[in-house]
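Each chain, letter by letter, is given below.
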Amino acid sequence: MTDHQALAADLVVDGLSVAVDGKEILRGVDLTVPAGEVHALMGPNGSGKSTLAYTLSGHPKYAVTGGTATFGGDDLLALPADARARLGLFLCFQYPTAIPGVTTVNFMRAALRAQGKEMPAREFIRRLNEEMAALRIDESFRARYINDGFSGGEKKRAEILQMAMLRPRLSILDETDSGLDVDALRTVANGVTRLAGPDMSVLVITHYPRILEYLKPDRVHILNQGRVILSGGPELATQIEREGYEPIIGPIAAEAGASRTSLTGVVAEAQA
Ligand code: ADP
Ligand code: MG
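Residues numbered from 1 in each chain as written. Chains lettered and ligands numbered in written order. Predicted model: local features only at pLDDT ≥ 70, side-chain atom pairs only at ≥ 80, totals over all residues. Heavy atoms only, no water.

(A) Fine view of the packing of helix α4 (residues 104-114) against helix α5 (residues 121-134). Two numbers describe how α4 lies on α5: the axes approach to 12 Å, and their chain directions differ by 115°. Where α4 crosses over α5, the two elements pack in a sense that is right-handed. From α4, V105, M108, R109 and L112 reach across to α5, where they touch A121, F124 and L128. Taken together, the residues of the contact of α4 with α5 break down into six nonpolar, no polar and one charged. (Axes fitted to C-alpha atoms, helices over the stretch in contact; angles between N-to-C directions. Helix = DSSP H or I, 4+ residues; strand = E, 2+ residues; numbered from the N terminus. Left-handed = near helix turned anticlockwise from the far one by under 90°. Contact = heavy atoms within 4.5 Å. Nonpolar A, V, L, I, M, F, W, Y, C, P; charged D, E, K, R; others polar.)

Encoded structure:
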């Protein structure tokens, strides 16, 4: 592994528009996560958060209709999903898939191999044991089929374990907090915090601000109707916790509506 691969890099999303089944869901997303920082993307249900995560991962269902997304200067959108993973992009999904017949150990080894990060068996086991202990994962986990019959908390721990083994340069966590009790939430947040830093940036996607009490973001972005309408410091998450989304989204949406109306007026005047 070269130094270049080991360090985090800037994620720059610029004017990204995405359609799903012919319906435009993202409508010009601008978002930068500088190398080594922890950012949160928040927004009401249906605002397009998961769509952004899937699009960045390279899921074929999401059709990019405009804009760009680069990681460390590389054009992500030009790369197939596996090449994005090899570049160091890692996604934790809201609903991870079970793979009956594939044990957690074999899954980890295959994932490392796919990214050219194979290691000798002895070192692999040593590191796996270390990371499992840090995440308070039970020993029996290793022989269980990945995500098959796992509880919500176990699935999330398994994903953080993958992250710890793969050491990605950017991790995107989509609603990692949903369905977690406070203990599991804290363990997962601590696991991510331990890895975050110069080697790994993090984009935490969440509807609820609760996980952000444990996973301290440098910046918070609000997504609404397929656009980032506001960015700010961690206090934005605190405000949402207290007051919900409406006091933030309402005035901005009203203003956007007003400027659209006045623009329509200008166009009408120009055409008259
Ligand atoms: P979030 O993660 O913020 O809750 P999503 O990205 O999952 O939002 O969804 C954004 C919007 O895209 C929603 O309005 C949802 O109904 C719509 N959507 C998601 N998948 C499809 C699909 N296959 N066809 C049409 N619309 C979809
Ligand atoms: Mg979602």
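Continuing now.
(B) Broad picture of the sheet that holds strand β10 (residues 227-232). Across the sheet, six strands lie side by side as β6-β7-β8-β3-β9-β10; this open sheet has mixed pairing. Each of the sheet's edge strands pairs with one partner strand only, and the pair in question is β6 (89-92) and β10. The mean inter-strand angle of the sheet, taken between neighbouring strand axes irrespective of direction, is 20°. Inspection of the sheet shows β6 paired to strand β7 (residues 170-174) by four bridges, in the parallel sense. For C92, the partnering residue across the bridge sits in β7 and is L173. (Pairing = 2+ DSSP bridges.)

(C) Representation of the packing of α4 against helix α6 (residues 152-166) in the model. Direction vectors running N to C along α4 and α6 enclose 40°, while the axes themselves pass 10 Å from each other. Classified by the angle between their axes, α4 and α6 sit oblique to one another. As for how α4 packs across α6, the hand of that crossing is right-handed. Counting all contacts with α4, which are made through F107, M108, A111 and L112, the residues of α6 involved are A158, L161, Q162, M165 and L166. Partitioning the contact of α4 with α6 into residue classes produces eight nonpolar, one polar and no charged. (Parallel < 35°, antiparallel > 145°, perpendicular 65-115°, else oblique.)

(D) The site of ligand 1, seen in detail. Near ligand 1, the surroundings consist of 13 residues, among which D21, G46, K49, S50 and T51 are the closest. For ligand 1, an oxygen atom lies 3.2 Å from a polar atom in the backbone of S47. Within the side chain of T51, a nitrogen or oxygen atom sits 2.5 Å from an oxygen atom of ligand 1. Within the complex, the protein chains bury 66% of what would otherwise be the 570 Å² of accessible surface of ligand 1. The greatest single-element share of the shell around ligand 1, amounting to three residues, is contributed by helix α2 (residues 49-57). Among the residues making up the shell around ligand 1, the classes are represented as three nonpolar, six polar and four charged. (Near = heavy atom within 4 Å. Polar contact = N/O pair within 3.5 Å; in protein donor to acceptor, adjacent residues only side chain to side chain. Areas by Shrake-Rupley, 256 points an atom, 1.4 Å probe, with all protein chains shown as cover.)

(E) Here's a closer look at the sheet that holds strand β5 (residues 74-75). Spatially, four strands are ordered β2-β1-β4-β5 in an open sheet, and the strand pairing comes out antiparallel. With one partner strand each, in any of the chains shown, β2 (23-33) and β5 form the two edges of the open sheet. As defined by bridge partners, strand β1 (residues 11-20) adjoins β2 across eight bridges and the pair is classed as antiparallel. Residue pairing in the sheet places S17 in a bridge with R27 of β2.

(F) Structural detail: the packing of aromatic side chains. Here the structure, examined in full by the defined rule, presents two aromatic pairs. Seen from the ring of F124, R109 lies directly overhead, with NZ or CZ sitting 4.9 Å from the centre. (Phe/Tyr/Trp six-rings, centres within 6.5 Å; stacked < 30°, edge-to-face > 60°. Lys NZ or Arg CZ within 6 Å of the ring centre and 35° of its normal.)

Bear in mind that shape data such as this cannot, by itself, settle questions of function.
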